[in-house]
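Inside the fold
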Amino acid sequence: MVKDESYATDGTLDASIDRIPAMPNMLLKYLPTFLRTADPNDMFDFMGEEAQNCLQATAIIINTSDELEPEVLDALKSRCPKL
């Protein structure tokens, strides 16, 4: 999360994020923009809507592969064994 909109030009986007399991040293600039917002309500509103959509879905597509991101998929599989 950023403090204000100056993050786009002040170098904040090159900050390393260490709170994402199985994705150490992820840079803020690689996260979706709704996670970089200065207004936390934007992020929570989006995530809440998507969580509700997932509950109604018959399938969810994960755009990656074991070869590309094995640590991420292992972390997901530990929570969703049918993955």
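That block above? That's the structure.
Below is a short write-up of the structure. Since the model is a prediction, treat every value here as computed from it, not as a measurement.

As for the pattern of salt bridges
- Enumeration according to the criterion identifies two salt bridges in this entry.
- When the shortest N-O distance is used, the salt bridge between Lys29 and Asp14 registers 3.0 Å. Of this pair, Lys29 sits in the loop between strand 2 (26–27) and helix 1 (40–56) while Asp14 sits in the segment before strand 1 (16–17); the two residues are 15 residues apart in sequence, bridging distant segments of the chain.
- Classification of Lys29 by relative accessible area gives partly exposed; the value is 34%.
- Asp66 is the partner of Lys77 in a salt bridge, and the nearest nitrogen-oxygen pair spans 3.5 Å. Here Lys77, found in helix 2 (residues 70–79), pairs with Asp66, found in the loop between helix 1 and helix 2; they are 11 residues apart in sequence, far enough to count as distant.

Cut-offs used in this document
Residues numbered from 1 in each chain as written. Predicted model: local features only at pLDDT ≥ 70, side-chain atom pairs only at ≥ 80, totals over all residues. Heavy atoms only, no water. Salt bridge = Lys/Arg side-chain N within 4 Å of Asp/Glu carboxyl O. Helix = DSSP H or I, 4+ residues; strand = E, 2+ residues; numbered from the N terminus. Buried < 20%, exposed > 50% of the residue type's maximum accessible area, 1.4 Å probe, protein only.

Keep in mind these numbers describe shape, not what the thing actually does.
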